[in-house]
Amino acid sequence: MGSESSQTPQSRQAETGGRVVYFNGEIVPEAEALVSFRDRGFKYGDAVFDTTRTFGHEIFRLDEHIDRLFKSLRYLQIDPVLSADEYKSITMEVLEANLPLIAGDNDYWVTQRVSRGIDSPDIDATTEGGPTVIIECLPLPLKERATLFRDGIEVVIPSIRRTPPDALSPRVKTNNYLNLIMGDLEAKARNPKAWAILLDSSGNLAEGIGSNFFTVTDGVIRTPRSRFVLGGISRDTVMSLGKQLDIPIIEEDIDLYDAVNADEVFLTSTSLCVCPVSSVNGVKIGADIPGPITKALTNAYIDLVDYDFVSQYLSRLEA
Ligand code: PLP
């Protein structure tokens, strides 16, 4: 028997730091939220999710995240089961129960997950008992990602292409990340520290596993067109901040030539917000990490959320 046979419910609960999770109508210890192996989310990736974070224990843009969750559910024709307001209030209930478990200078990812549910014996997409709904928190990987803010992200572009919109819209945040995972595995085989940014099927840069891509050239910010990428809430935040700072922002096709010749490159994501890129396929980008426009956007983001997330990461660097 494997080592898990010696685990008690108490030891499993200790591993989760005592956190609780909403699981199909109840708030339970994480160790008790057990998804069936016949759940279509597990069997086929037939599920969606959405994730925001806290800044100094305050949740960020929950309304926008729930709105995106509902758009993903509608696209996949999965019943949300709960109203948007119920998702928001249960999210806050789970977060408030879990906040006392982390230090004041730590923060959470906060995620809603909805699968189509447990498969019925038929082969069509019907389920028994309705969708599986989970709302959970996980501490951010601040220590693991701290060097990215000091050194910048090393981007590698793998050969595998991002799922095209005519196959499955990349605007949907589905559980099926295989395309992005395959890209990331290929990039990491070339450089274990790399973050993959996949090309779309026309050879333009698209996005990575959990991040949107931006270049800055001659004072103009560019990001791939919205049809080809997830509409990142951080992407949207940075685009509004750019407008407020009077920096032109364009959504257009960006190829490898544009990327390696950019003055600055940065990624946006819920956990990182804005994070500088130091190289693309081994070609060094810009003179400083972060470059001036990346820094201006980062400072504007810090002002908006009223929390210095860069210092939060950098404080975790080993001495
Ligand atoms: N692109 C993909 C494929 C993602 O999964 C994510 C993260 O959720 C992002 C981009 C960035 O989106 P956000 O800024 O909302 O985290």
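Remember, it's a predicted structure, so these values are computed and weren't measured experimentally. (Residues numbered from 1 in each chain as written. Predicted model: local features only at pLDDT ≥ 70, side-chain atom pairs only at ≥ 80, totals over all residues. Heavy atoms only, no water.)

Draft legend 1. Inspection of the pairing of strand S2 (residues 26–29) at higher detail. Summarising the sheet, strand S1 (residues 20–23) and S2 pair through four bridges and their orientation is antiparallel. Paired with Phe-23 across the strands is Glu-26, a residue of S2. Here S1 hands over to S2 after two residues, with Asn-24 in that stretch at a positive phi of 50 degrees. (Pairing = 2+ DSSP bridges. Helix = DSSP H or I, 4+ residues; strand = E, 2+ residues; numbered from the N terminus.)

Draft legend 2. Summary view of the site of the ligand. Within the structure, the ligand sits among 15 residues, and Lys-173, Tyr-177, Glu-207, Ser-234 and Thr-270 are positioned closest to it. One of the side-chain nitrogen or oxygen atoms of Tyr-177 is found 2.2 Å away from an oxygen atom of the ligand. Contact distances for the ligand include 2.6 Å between an oxygen atom and a side-chain N or O atom of Thr-270. Starting from 390 Å² of accessible surface for the ligand in isolation, the protein chains cover 96%. Secondary structure elements with two or more residues in the shell around the ligand: strand S12 (205–208), strand S13 (211–217) and helix H7 (233–244). (Near = heavy atom within 4 Å. Polar contact = N/O pair within 3.5 Å; in protein donor to acceptor, adjacent residues only side chain to side chain. Areas by Shrake-Rupley, 256 points an atom, 1.4 Å probe, with all protein chains shown as cover.)

Draft legend 3. Region of interest: the packing of helix H3 (residues 62–76) against helix H4 (residues 84–98). As a packed pair, H3 and H4 sit with axes 10 Å apart at the nearest point and diverge in direction by 130 degrees. Taken together, the axis directions place H3 and H4 in an arrangement best described as oblique. Pair H3 / H4 crosses with right-handed handedness. Contacts between H3 and H4 pair Leu-62, Asp-63, Ile-66, Leu-69 and Phe-70 from the former with Ala-84, Tyr-87, Lys-88, Thr-91 and Met-92 from the latter. Grouping the constituent residues of the contact of H3 with H4 by class yields seven nonpolar, one polar and two charged. (Axes fitted to C-alpha atoms, helices over the stretch in contact; angles between N-to-C directions. Parallel < 35°, antiparallel > 145°, perpendicular 65-115°, else oblique. Left-handed = near helix turned anticlockwise from the far one by under 90°. Contact = heavy atoms within 4.5 Å. Nonpolar A, V, L, I, M, F, W, Y, C, P; charged D, E, K, R; others polar.)

Draft legend 4. Expanded view of the packing of aromatic side chains. What the rule picks out here adds up to nine aromatic pairs. Arranged with centres 4.8 Å apart and planes meeting at 10 degrees, the rings of Phe-214 and Phe-266 form a pair that is stacked. Of the two residues, Phe-214 is situated in strand S13 and Phe-266 in strand S16 (residues 264–269); the sequence distance between them amounts to 52 residues. Accessibility classification places Phe-214 together with Phe-266 in one group, the buried group. With 5.6 Å between their ring centres and 80 degrees between their planes, Tyr-301 and Phe-309 make a pair best called edge-to-face. For Tyr-301, a relative accessible area of 1% corresponds to the buried category. Look at Phe-309 and you get buried, because its relative accessible area is 0%. Taken together, Phe-55, Phe-60, Phe-149, Tyr-301, Phe-309 and Tyr-313 form an aromatic cluster joined through their ring pairs. (Phe/Tyr/Trp six-rings, centres within 6.5 Å; stacked < 30°, edge-to-face > 60°. Buried < 20%, exposed > 50% of the residue type's maximum accessible area, 1.4 Å probe, protein only.)

Draft legend 5. Summary view of the pattern of salt bridges. Under the definition given, this model contains 20 salt bridges. Across the salt bridge formed by Arg-316 and Asp-105, the nearest N and O atoms sit 3.4 Å from each other. With Arg-316 in the segment after helix H10 (309–314) and Asp-105 in the loop between H4 and strand S5 (108–115), this residue pair connects regions lying 211 residues apart in the sequence. According to the relative accessible area criterion, Arg-316 is buried, its value standing at 19%. Taken together, the shared-partner salt bridges connect Arg-40, Lys-43, Asp-46, Arg-116 and Asp-119 into one network. (Salt bridge = Lys/Arg side-chain N within 4 Å of Asp/Glu carboxyl O.)

Draft legend 6. Spotlight on the domain arrangement of the protein. When the domains of the protein are assigned, the result is domain 1 (9–140) and domain 2 (145–314). A straight line from the C-alpha centre of domain 1 to that of domain 2 covers 26 Å. Each partner contributes residues to the interface: domain 1 has 24 residues there, and domain 2 has 24 residues. Summing both partners gives a buried area of about 2,000 Å² for domain 1 against domain 2, and 61% of it is carried by carbon and sulfur. Here domain 1 and domain 2 share 11 residue pairs in polar contact (both at pLDDT 80 or more) between them. When residues of the side of domain 1 that touches domain 2 are traced back to their parent elements, those giving at least two are strand S3 (47–55) and H3. (Domains from an automatic or database assignment. Buried area = accessible area lost by both parts, 1.4 Å probe.)

Draft legend 7. Structural detail: the state of the cysteines. One pass over the structure, following the stated rule, counts zero disulfides. We note that Cys-137 lacks a disulfide partner, and the nearest cysteine sulfur, in Cys-273, lies 17 Å from it. Residue Cys-137 is classed as buried on the basis of its relative accessible area of 0%. Among the cysteines around Cys-275, which has no disulfide bond, Cys-273 carries the closest sulfur, lying 9.4 Å off. (Disulfide = S-S within 2.5 Å.)

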